[in-house]
Amino acid sequence: MPSKKQAPVATPATPADPAVLPAGVSAADMHAAIAKFVAILGPQNVVTDADHIAPYTKVMIAESEDLHRPSAVIYAREVTEIQQILKVCNEYKVPIWTISTGRNFGYGSAAPQSAGQVVLDLKHMNRILEVDPVLCTALVEPGVTYQQLKDYLDENDIPLWLSCPAPSAIAGPLGNTVDRGVGYTPYGEHFMMQCGMEVVLADGDVLRTGMGGVEGTSAWQVFKWGYGPYLDGIFTQSNYGIVTKMGMWLMPKPPVYKPFCIRYDKDEDIHDIVETLRPLRIANVIPNAMVFANVMWEAAAIMPRSKYYDGIGVTPDSVLEEIKAKEGLGAWNVYAALYGTKEQVEVNWQIITGAIKASGKGTIITEEEAAGTQPFDYRAKLMRGDMTLQEFGLYRWRGGGGSMWFAPVTAAKGSETVEQTRLAKEILGQYGLDYVAEYIVGMRDMHHVVDVLYDRSDPDEMARAHECFAKLLSEFGKRGYAVYRVNTAFMDQAADLFGPVKRKIDQTLKRALDPNGILAPGKSGIRI
Amino acid sequence: MNPRILPLVPVGAALLTLLAVSAGAAPPPPSRQTPSGQWASAQVVWEKTCARCHTTGVGPELRGRALPPEYITSVVRNGLLAMPAFPHTAIDDASLESVARFVSTSKLPKPAAKR
Ligand SMILES: Cc1cc2nc3c(=O)[nH]c(=O)nc-3n(C[C@H](O)[C@H](O)[C@H](O)COP(=O)(O)OP(=O)(O)OC[C@H]3O[C@@H](n4cnc5c(N)ncnc54)[C@H](O)[C@@H]3O)c2cc1C
């Protein structure tokens, strides 16, 4: 039989010289570096054309994408490739910005902190290296998504649950954890549940943290601290290395899962919510990272604000009252869950309902009462680490696709939430922006997450949002409040809030570990 | 009684027997490196990504509008307002073209009959 003629495989052309250059790098050096990247990775893994670069320039933050446009994007699949890339970067002083799954929406997305940095996209390194169903641990590469890990657990019938950020369906555990992101299960503080890393350092050395350096160890994914100085922390929210493997703990699927909501009518109830629920969280009666979401966050999950308000600027309080009444939403809406055996859940349910009754406010809504409606349904998914993108509903509230997370840390005290809520609302109001907020409850802290929503297609509103964000940082800073994480436009301003000595130590480490400053310059305000 | 000092029910035999996996079970094999951006079918990428916003009221309904496939691929690559951009490592050209055709030729499902 005559064999079918194969269509000739087109050899990708050598990439063109990039449209933008990193600061301080000449066109000739960049040209030479690109040629060497091609020699290491092959031409199909080094891209500079507009079509391939475009997705990496889409940002939600209130700055021109030109300030964050990469010169090139490169894809690596192996640690040895990364080591060779770093050699080239050191030779030509070319900076690289590493992303794992690149879904850092509202924090800078996939774009680098400054223009011209080469994006190193590790999405192709997507092996799930190990899931130990006995010890309930996993070891993953950077490109693994939560969806991929969930599918793997389902296909192999492994009764373990994930903990994910709200855009779970497209983000990934390694990128989220090294940026110290959070989820909503009892394992919601992701970095706390991380155990062991492999890191490629700027000089090409490959470090395994914790027990990972011990030949033949069986404890890399079970004992976090190893021996001597604990190092994992310096590879989070930093630019000291490229994380190529990460261990994490997974939660056994509980026999009973009981998500619930508690609805509160008044804005000022936030004080009593915190005072009533903090003791239950600290005592682990409520074991998960519960949330207190305000009315606009809730409303955005089900409709655009134009359903009730067509005007501009801040949504008037009278409109919010109408929304609460007609849509059955609280001023604050608590989402928490119980996990365990039937007996455990029953005991804790009694404690919680007793505490709510004793506090004299709050209406409890069970899963049965919510009957599959939003936003309860997606909250219930998040609190069991399931896949959803429902929270993108936030962006239809005002439209225009602009978003920056302002996320100050709050001590879990009622008085502090009252003060932070008042201040945030006041500052946003000065710029015509809405207070769309939730508190995500940690062990003793809360992340007060405010989505600074604005219309990115309106240059005027974008400029206002930028100014507003700077003021939020500075006014909160004056009162001793600072953020847990920030977008690429405000990394220096946020770093300043943590004091000059912290900045100096960050820089000392940078100079020691990456003397040419090739790794993600500007991340968390750190440069050589 | 003060809820703070109530003892937690110990994780006893009941929970242990409910956990299906014992120390003797063989661990599952590691997953292979899969070509990132390649999807099994248009249906799969639609269900696991697009549909999560575009059938839930979060993003606009796309089905039954005969949207040109080139328009769809352009929005996916570049993003649009709140719609994130998807690079080639998230969905390669072949998978994108196939899901764009799938959406372009899809029909809007009839609303479920009221009970
Ligand atoms: C509607 C909405 C809701 C959200 N809710 C949450 C939420 O609940 N919790 C939350 O945490 N976030 C949330 N986010 C923000 C963000 O989308 C997630 O944190 C997301 O997980 C980050 O993207 P990623 O996982 O793809 O990580 P990446 O984008 O891959 O990585 C994040 C950052 O970590 C660094 N990094 C990544 N990989 C490496 C590496 N290999 N080595 C060294 N450094 C590296 C880089 O600086 C990178 O920018 C939300 C966003 C939206 C739009």
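Computed from a predicted model, the values in this text were never measured in an experiment.

Here is what the cut-offs are and how they apply
Residues numbered from 1 in each chain as written. Chains lettered and ligands numbered in written order. Predicted model: local features only at pLDDT ≥ 70, side-chain atom pairs only at ≥ 80, totals over all residues. Heavy atoms only, no water. Helix = DSSP H or I, 4+ residues; strand = E, 2+ residues; numbered from the N terminus. Rg over C-alpha atoms; globule rule 2.2 N^0.38 Å. Buried < 20%, exposed > 50% of the residue type's maximum accessible area, 1.4 Å probe, protein only. Contact = heavy atoms within 4.5 Å. Areas by Shrake-Rupley, 256 points an atom, 1.4 Å probe, with all protein chains shown as cover. Lys, Arg positive; Asp, Glu negative; His and termini not counted. Charge placed at Lys NZ, Arg CZ, Asp CG, Glu CD. pLDDT = per-residue confidence, 0-100. Patch = residues over 30% accessible without salt bridge, like charges linked within 9 Å, V, L, I, M, F, W, Y side chains within 5 Å. Salt bridge = Lys/Arg side-chain N within 4 Å of Asp/Glu carboxyl O. Pairing = 2+ DSSP bridges. Axes fitted to C-alpha atoms, helices over the stretch in contact; angles between N-to-C directions. Near = heavy atom within 4 Å. Polar contact = N/O pair within 3.5 Å; in protein donor to acceptor, adjacent residues only side chain to side chain. Nonpolar A, V, L, I, M, F, W, Y, C, P; charged D, E, K, R; others polar. Buried area = accessible area lost by both parts, 1.4 Å probe. Core = buried A, V, L, I, M, F, W, Y, C linked by side-chain atoms within 4.5 Å. Expected span 1.5 Å × (residues − 1). Arc of directions from axis to C-beta.

Draft legend 1. Geometry of the overall build of chain A. Along chain A, the regular secondary structure elements total 15 helices and 19 strands. On C-alpha atoms alone, chain A measures out to a radius of gyration of 24 Å, which is about the 24 Å that the 2.2 N^0.38 rule sets for 528 residues. When its C-alpha atoms are laid out on the principal axes, chain A stretches across 70 × 65 × 55 Å. Burial status across chain A gives 61% buried among its 528 residues. Partitioning the intrachain contacts of chain A with sequence separation of at least 6 by distance along the chain shows that 73% fall at a separation of at least 24. Accessible area of chain A: about 19,800 Å², with a carbon and sulfur share of 55%. The distance from the centre of the 51 positive side-chain charges to the centre of the 62 negative ones in chain A is 1 Å.

Draft legend 2. Examining the overall build of chain B more closely. Looking only at helices and strands, chain B has four helices and zero strands in total. For chain B, the α and β elements follow one another from N to C terminus as α-α-α-α. Split into buried and exposed, the 115 residues of chain B put 35% on the buried side.

Draft legend 3. Structural detail: the confidence of the model for chain A. Mean pLDDT over chain A: 96, with 98% of residues reaching 70 or higher. Across residues 1-5 of chain A the pLDDT falls below 50, and counting only partners more than four positions away or on other chains, this stretch makes zero contacts in the model.

Draft legend 4. Representation of a nonpolar patch on the surface in the model. Residue and element names in this part refer to chain A. There is a patch of nonpolar side chains on the surface, built from Val-134, Leu-135, Val-222, Phe-223 and Trp-225 and spanning about 440 Å² of accessible area. Among the secondary structure elements, Trp-225 is positioned in the loop between strand 9 (206-208) and strand 10 (242-249). With relative accessibility at 46%, the residue Trp-225 sits in the partly exposed group.

Draft legend 5. Up close: the sheet that holds strand 5 (residues 128-132) of chain A. All names here are of chain A. In space, the five strands of this open sheet follow the order 5-6-10-8-9, with antiparallel pairing throughout. Looking along the sheet, the strands with just one partner apiece sit at the ends: strand 5 and strand 9. Here the strands of the sheet are splayed against their neighbours by 10° on average, with no regard to which way each runs. Bridge analysis of strand 6 (residues 137-140) against strand 10 gives four bridges, and the strand direction is antiparallel.

Draft legend 6. Representation of the site of the ligand in the model. All names here are of chain A. Around the ligand sit 34 residues in total, of which Ser-100, Thr-101, Arg-103, Tyr-184 and Arg-485 are the nearest. Between the ligand and Tyr-184, the relevant distance is 2.5 Å, taken from an oxygen atom to a side-chain nitrogen or oxygen of the residue. In isolation the ligand offers 960 Å² of accessible surface; the protein chains occlude 97% of this area. Taken together, the elements giving at least two residues each to the shell around the ligand come down to strand 3 (96-99), helix 5 (173-178) and strand 10. Ranked by residues supplied to the shell around the ligand, first place goes to helix 5 with four residues. Across the shell around the ligand, the residue classes tally to 19 nonpolar, ten polar and five charged.

Draft legend 7. View of the interface of chain A and chain B. Counting residues at the interface gives 56 residues for chain A, matched by 44 residues for chain B. Both faces considered, chain A and chain B share a buried interface measuring about 4,100 Å² in area, 64% of it formed by carbon and sulfur atoms. For chain A, the biggest contributors to the area lost against chain B are Pro55(A), Lys58(A) and Arg103(A); these three give 13% of the whole. At the boundary of chain A and chain B, one finds one salt bridge. A salt bridge links Lys48(B) to Asp151(A); its shortest N-O distance comes to 2.7 Å. If you look at where chain A meets chain B, you find nine residue pairs in polar contact (both at pLDDT 80 or more). Of all the elements in the fold, those that place two or more residues in the side of chain A that touches chain B are helix 2 (50-53), strand 5, helix 4 (146-155), helix 6 (270-282) and helix 9 (342-359) of chain A. Split by residue class, the side of chain A that touches chain B holds 28 nonpolar, 16 polar and twelve charged.

Draft legend 8. Focus on the pairing of strand 10 of chain A. Residues and elements named next belong to chain A. With respect to burial, strand 10 is a largely interior element, seven of its eight residues being buried. Inspection of the sheet shows strand 8 (residues 194-200) paired to strand 10 by five bridges, in the antiparallel sense. Considered in strand 10, the bridge of Val-199 is made with Val-243.

Draft legend 9. Highlighting the nonpolar core. Counting residues in hydrophobic clusters, the biggest one holds 96 residues, and the most contacted among them are Val131(A), Leu149(A), Leu162(A), Trp297(A), Ile323(A), Trp397(A) and Val99(B). Once you skip the residues sitting within four places of it in the chain, Ile323(A) turns out to touch Val295(A), Ala299(A), Met303(A), Tyr308(A), Gly328(A), Leu329(A) and Trp397(A). By size, the runner-up hydrophobic cluster in this structure holds 57 residues, among which are Ala62(A), Phe260(A), Val486(A) and Ala494(A).

Draft legend 10. Expanded view of the sheet that holds strand 3 of chain A. Strand order in the open sheet made by the four strands is 1-2-4-3 (chain A), with mixed pairing throughout. Strands at the two margins of the open sheet, each flanked by one partner only, are strand 1 (46-47) and strand 3 of chain A.

Draft legend 11. View of helix 4 (residues 93-104) of chain B. Residues and elements named next belong to chain B. The end-to-end C-alpha separation of helix 4 is 16 Å, in line with the 16 Å expected for twelve residues at 1.5 Å each. Every buried residue belonging to helix 4 is among Ser-95, Leu-96, Val-99, Ala-100, Val-103 and Ser-104, and all of these are buried. Buried residues along helix 4 cover an arc of 165° about the axis, so they all sit on one side. More than 90 degrees from the buried face of helix 4, the exposed residues found are Ala-94 and Arg-101. Against the buried residues of helix 4 lie helix 2 (42-54) and helix 3 (69-78).

Draft legend 12. Summary view of the pattern of salt bridges. All names here are of chain A. As enumerated under the stated definition, the model contains 41 salt bridges over all chains in all. A salt bridge links Asp-317 to Lys-425, with the nearest nitrogen and oxygen atoms 3.9 Å apart. With Asp-317 in helix 8 (residues 317-327) and Lys-425 in helix 12 (residues 414-430), this residue pair connects regions lying 108 residues apart in the sequence. On the basis of relative accessible area, Asp-317 is assigned to the partly exposed category, the value being 47%. By relative accessible area, Lys-425 is classed as partly exposed at 33%.

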